[in-house]
Amino acid sequence: MLPAPAPVAAPAPAPAPAEIVLTVANVSKAFGTNQVLRNFSLDVRRGENVVVLGKSGAGKSVLIKCIIGLMPVDAGTIRVLGQDVATLDHTALDQLRAKVGFLFQSNALYDSMTVRENLLFPLRRHWLTHSPGEEDELVRQALEDVGLGHTIDMMPAELSGGMRKRIALARTLILQPDIILYDEPTTGLDPVTAREIDQLIREVQQKYGTSSVIISHDMNCVRLTANRVALLVEGRCYALGTYAELKASTDPAIHEFFSE
Amino acid sequence: MPQRPASTYFRLGLFVLVGLGCLVAVLFMLGRKQNLFGSSLEVQADFRNVSGLLTGNNVRLGGISVGTVKDIRIVNDSTVRVGLSLDRAVQPYVKKNAIASIGTDGLVGNTIINLKAVPTPAPAIESGDVLRTTAPLALDAMLGTLNVSNKNLVGITKDLREITHKLNSSDAFWQLLSDQRLALEMHRSLQNLAAATALLQGSATDMQQLTHGLRQGRGPAGYLLTDTAFAGRMRHATRQLASTSDTLAHTLAGLKRQIQTPNGPLNTLLADTAMGRNLRQSLRNVELGTAGFSQNMDALKHNFLLRGYFRKQARKDKTRTAAP
Amino acid sequence: MATSTTVAETGAITRFAGRFFQEGFRPRYEVQELLHQCFVVGYQSLPLVGITGFIMGMVLTLQSRPTMAQFGAESWIPTMVGLTIIREMGPIITALIFAGKIGSSIGAELGSMRVTEQIDAMEVSGTNPFKYLVATRVLATTLMLPVLTILSDAIGLFASFLAINLKGVTSLALFTNNVVSALTFGDVVPAVIKTFFFGFAVGIIGCYKGYYAEKGTEGVGQAANSAVVASSLVIFILDLLAVQTTGLLGLN
């Protein structure tokens, strides 16, 4: 049991009767004989942080890659902001993706570009036209949000792991998305940096009112960021509830995650 | 999106341009060699045998490539028509009567077509002309010639053998050859001949001197031959002379006739005073004629034959009087 | 098993190439990225390719001199070296060096982008990574290798000229005339055309290997290595095909 860090506040409560922005309904996905997702279902409401908790290799990353359309699903439907991802053509998918941010596990910063160019990349590639002044302002704003305004002309290789994670988050934020998908945001970071990232996720939620799906197996991250927790076990949504509810559960499969 | 400095594009552009430039340069050189770009002149030549000529082989004039073989096609069983593409620039140098022949470039090189000029003048070649050709120097043709030569040689040697045989069997010939006196006389004749030629040479020298002087305009004859104005006057004089002598001859003829007639001049002369007066008149005429003739001759002398002489004489006199 | 893997791989690369022709020429056109790749692939390879070409020309000349001298054919050296470089040595040596430098770098770059999810990141950033990464690189290698080959030929011929002048004297004009005298369009044009195919092979194989790199840093190394091996082999096969094709077309 970890001692509760005193200054960290509990996640902000989600407004109760909010509209549903993301629906995952009965999704199945298999790689060869390995059935990763089996009839997985999940709803995410506006302004809500949902953490998908599961073991490594349980198919958590596959889930959010299906949501953003990087992988096709075998069965079931995924509706993002009211649109069925599977039926969209290239253009419509790109338009949708401009409203959905994705924070990659390995950050996926472009090695050959400076921080500024990394941030400008999605901005320009999404056919969003801004004057150079506006672009500069947006880049500066996004970097301020993650507290790294001074790194604007550095190359990703010059940055530490935590800084890179923040830059990657800034690159996601610059489009001011409605939904952000976090793929294991705290994995590979030291505990202090990990807490800073958790803090940042919550700040983003409060400042921009975004909905988030956070993939994680880091219990501190779960505790600090989740409004609701979905437990992914053997490809199914095994349990769904607040951190406190699940922690209080006596189900051994659930308890396994919460006992340290 | 990464920002690229403008110099990147500049260097890339330079790189590509230089590369393409090299390619274009080579292609251009090849094109010029194969006459693809320059304006060309199409002419034809019919051969019996082209000895393995290929399209693209060179056409040479005086050893310089002036074009290429454009196409080769068989017209009938003994004629191959070769289309030549000549450089427009050499048009003035290739005449209509030029002769095309098949040759090789070196001993084992490519087959080529040689254009040979003919000394007789002809207009420059034009598009579509058909050139005359000569048969190539083929080995079988050479062997054929050699065969004829051999046959001739056989005849010649046979004749030669007969001649030598005859010579051997002829006593007179050998006597002639072995006669001592003959040699001696021959020697003398030759000596005489030498003397004669020496004399001849002397005369020739004189002659040469004479003609030399003549050429220089020296001496009366020389003057005669060189002065053109004089020639005119001479002509005039001789004409006068001729007319005078004509008159004389006429008169004399009349005289003779009068003497020969029955009422001949004699009695007339004796009996008739009028006749005598007539005769006198005639004689005066004769006198006048001869006076004119003499005058003419004088003028002739003054004019040419003796003028130079007189002058020389006058100069000599002057120097003689001045000397003492 | 090894054979069937090779066949399967060949099929996959062919499909990859098919996708290139399907997607590569549709809008949106990544002109800026294409130009940048041309710069990287072409201009920045020039020093390496130039040095190779220079040495090739010089060595060919110096090596052939003793033999040619035996036949009293020293005046034929420029012609022979020119034909050798332009017809075969220039294209093949340049392509192999190019495969070593560019094939491996494309394999490694795309491989590392794959394993660090940069390719996915591009896709969610409204960019078709196939067009942005693959099409531009394949086009760049296809267009730049011919240019590099021509420059390498030119440098090699110049080196040959220098090498001849080491042991004798010839003028640049005579050298050029000697080289050009034996050349025909049938020598130059097929040699240039086949370099387009070499360039395409290097690009498409490098991109394929990198684009489908396995997870992990080991996958990146493997992608780079196998890209070089496969593209070198394919270059030789294409060269053989080129010889046969030009022979059939009567250009030899």
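Basis of the calculations
- Residues numbered from 1 in each chain as written.
- Chains lettered and ligands numbered in written order.
- Predicted model: local features only at pLDDT ≥ 70, side-chain atom pairs only at ≥ 80, totals over all residues.
- Heavy atoms only, no water.
- Contact = heavy atoms within 4.5 Å.
- Buried area = accessible area lost by both parts, 1.4 Å probe.
- Salt bridge = Lys/Arg side-chain N within 4 Å of Asp/Glu carboxyl O.
- Polar contact = N/O pair within 3.5 Å; in protein donor to acceptor, adjacent residues only side chain to side chain.
- Helix = DSSP H or I, 4+ residues; strand = E, 2+ residues; numbered from the N terminus.
- Nonpolar A, V, L, I, M, F, W, Y, C, P; charged D, E, K, R; others polar.
- Axes fitted to C-alpha atoms, helices over the stretch in contact; angles between N-to-C directions.
- Left-handed = near helix turned anticlockwise from the far one by under 90°.
- Buried < 20%, exposed > 50% of the residue type's maximum accessible area, 1.4 Å probe, protein only.

J.: For the interface of chain C and chain B, give the residues involved together with the corresponding values.
T.: By a widely used convention, the size of an interface equals the accessible area lost when the partners come together. Taken together, the contact pairs 26 residues of chain C with 21 residues of chain B. Buried surface at the junction of chain C and chain B, both sides included, amounts to about 2100 Å², of which 80% is carbon and sulfur. Three residues, Phe39, Tyr43 and Phe185 of chain C, lead the burial of chain C against chain B; their summed loss comes to 27% of the area buried on that side. In this structure, the connection of chain C to chain B is made through zero salt bridges. Joining chain C to chain B, the criterion identifies zero residue pairs in polar contact (both at pLDDT 80 or more). Of all the elements in the fold, those that place two or more residues in the side of chain C that touches chain B are α2 (31–41), α6 (129–167), α7 (172–182) and α8 (185–211) of chain C. The biggest single contributor to the side of chain C that touches chain B is α6 of chain C, with seven residues. Split into classes, the residues belonging to the side of chain C that touches chain B amount to 19 nonpolar, six polar and one charged.

J.: Could you give an account of the packing of helix α4 (residues 77–115) of chain C against α6 of chain C, naming the residues involved and the relevant values?
T.: Packed helices, taken two at a time, are described by their axes: the angle between them and the distance between them. Residue and element names in this part refer to chain C. The interhelical angle for the contact between α4 and α6, taken along N-to-C directions, is 145 degrees, at an axis separation of 8 Å. Between α4 and α6 lies a crossing of right-handed hand. Broken down by class, the residue content of the contact of α4 with α6 amounts to 18 nonpolar, eight polar and three charged.

J.: Describe the pattern of salt bridges, with residues and values.
T.: Scanning the model with the defined rule gives 29 salt bridges over all chains in all. Here Asp120 of chain C and Lys65 of chain A are joined by a salt bridge, their closest N and O atoms 3.6 Å apart. A residue pair is termed interchain when its members come from two chains, as with Asp120 of chain C in helix α5 (residues 118–124) and Lys65 of chain A in helix α1 (residues 60–68). Overall, Asp120 of chain C belongs to the buried group, its relative accessible area being 13%. For Lys65 of chain A, a relative accessible area of 8% gives the class buried. Linking Asp187 of chain C and Arg87 of chain C is a salt bridge whose minimum nitrogen-to-oxygen distance equals 2.5 Å. With Asp187 of chain C in helix α8 and Arg87 of chain C in helix α4, this residue pair connects regions lying 100 residues apart in the sequence. Residue classification places Arg87 of chain C among the partly exposed positions, given a relative accessible area of 29%. It is possible to trace a salt-bridge network through shared partners that takes in Lys65 of chain A together with Arg114, Glu117 and Asp120 of chain C.

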